[in-house]
Amino acid sequence: MRRKPARPEDLDTLISYLDPDATPVPSPCIGICRVDARTTFCTGCMRTIDEITVWGAVDDQRRRQIWTEVIRRRDALRR
């Protein structure tokens, strides 16, 4: 079965369902993988290239920190 294409608002959906105590911590990736040259964040998940690169190797505590940054960035760019 083919996955439905992700929409930009899917990050908001992930955030709304995010359980901060979940283990393992889910990835914020929504399948839109383009880095915005102005912000240097992925336009889909709001992570930096460094955060995307290390995601698979870091523990849940660091993943929660990345999620905190993702949410902060999303909120800041909406202002």
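Structure shown above.
On a predicted model such as this, the values are computed, not experimentally measured, just so you know. Position numbers for residues start from 1 in each chain and track the written sequence from start to end. With pLDDT at 70 or above as the cut-off, local features in this predicted model cover only qualifying residues; side-chain atom pairs require 80 or more to be listed or tallied, and sums for whole chains, interfaces and linings still use all residues. Here the side-chain values reflect all heavy atoms present in the structure, with hydrogen atoms and water set aside.

Some details on the environment of V25
Which entries qualify depends on this criterion: Here a helix means four or more residues in a row that DSSP labels H or I, a strand means two or more in a row labelled E, and each is numbered from the N terminus. We call a residue buried when its accessible area falls under 20% of the maximum for its residue type, exposed when it is over 50%, and partly exposed in between, using a 1.4 Å probe and counting protein chains only. Throughout, a contact is declared for two residues whenever any of their heavy atoms are within 4.5 Å.
Looking at where V25 falls in the secondary structure, it is placed in the loop between α1 (10-17) and α2 (49-54). A relative accessible area of 6% means that V25 is categorised as buried. Among all residues touching V25, those that are not within four sequence positions of it are W55, D60, R63, R64 and W67.

A word on the packing of α1 against helix α3 (residues 60-78)
Counted only if it meets this: Angles here are taken between N-to-C directions and fall from 0 to 180 degrees, while the axes themselves are lines fitted to C-alpha atoms, restricted in helices to the stretch in contact. Just so you know how the angles are binned, under 35 degrees is roughly parallel, over 145 roughly antiparallel, 65 to 115 roughly perpendicular, and the rest oblique. By definition, any crossing whose near helix is turned counterclockwise from its far helix by less than a right angle is left-handed, and any crossing with a clockwise turn is right-handed. Only Asp, Glu, Lys and Arg are considered charged in this grouping, and only Ala, Val, Leu, Ile, Met, Phe, Trp, Tyr, Cys and Pro are considered nonpolar; every other residue, Gly among them, is considered polar.
Contact geometry for α1 and α3: axes closest at 12 Å, N-to-C directions at 130 degrees. Between α1 and α3, the crossing angle belongs to the class labelled oblique. For α1 against α3, the interelement crossing comes out left-handed. Where α1 abuts α3, its residues L11, D12, L14 and I15 lie against W67, V70, I71, R74 and R78. Its residues placed into classes, the contact of α1 with α3 shows 6 nonpolar, no polar and 3 charged.

Side note on the nonpolar core
Formally: Joining through side-chain atoms within 4.5 Å is the link that ties buried Ala, Val, Leu, Ile, Met, Phe, Trp, Tyr and Cys residues into a set, and such a set is a nonpolar core.
If you look at the biggest cluster of nonpolar residues, it comprises 11 residues: L11, I15, V25, I30, I32, F41, M46, W55, I66, W67 and V70. At the level of elements, α1 and α3 are the ones that each hand at least two residues to this core. Of the residues forming this core, the biggest block, 3 residues, is contributed by α3. Aside from chain neighbours lying at most four places away, what touches W55 is V25, P26, S27, P28, R47, R63, I66 and W67.

Description of α1
Heads up, the condition is: As used here, the arc is the angular range of directions from the helix axis to the C-beta atoms.
Restricting attention to buried positions, one finds in α1 the residues D10, L11 and I15. All buried residues of α1 lie within an arc of 145 degrees about the axis, which places them on one face of the element. Counted as exposed and oriented over 90 degrees from the buried face of α1: S16 and Y17. Along its buried surface, α1 packs onto α3.

What to know about the packing of aromatic side chains
What counts is decided by this rule: Aromatic pairs are defined between Phe, Tyr and Trp rings, using the six-membered ring for Trp, whenever the two ring centres lie within 6.5 Å; interplanar angles under 30 degrees are classed as stacked, those over 60 as edge-to-face, and all others as tilted. Whether a charge sits over a ring comes down to the Lys NZ or Arg CZ being within 6 Å of the ring centre and within 35 degrees of the ring normal.
Enumeration over the complete set of coordinates arrives at 0 aromatic pairs. Across from the ring centre of W55, 5.2 Å away, lies the NZ or CZ of R47, which sits over that ring.

Some points on the side chain of T39
Put simply, the rule is: Polar contact is the term for a pair of N or O atoms within 3.5 Å; when the atoms are in protein, one must be able to donate a hydrogen and the other to accept it, and sequence-neighboring residues count only if both atoms are side-chain atoms.
Along the chain, T39 falls in the loop between α1 and α2. Looking at T39, its side chain comes within polar contact range of the main-chain nitrogen of F41, at 3.2 Å.

Function cannot be read off these values alone, since they describe shape.
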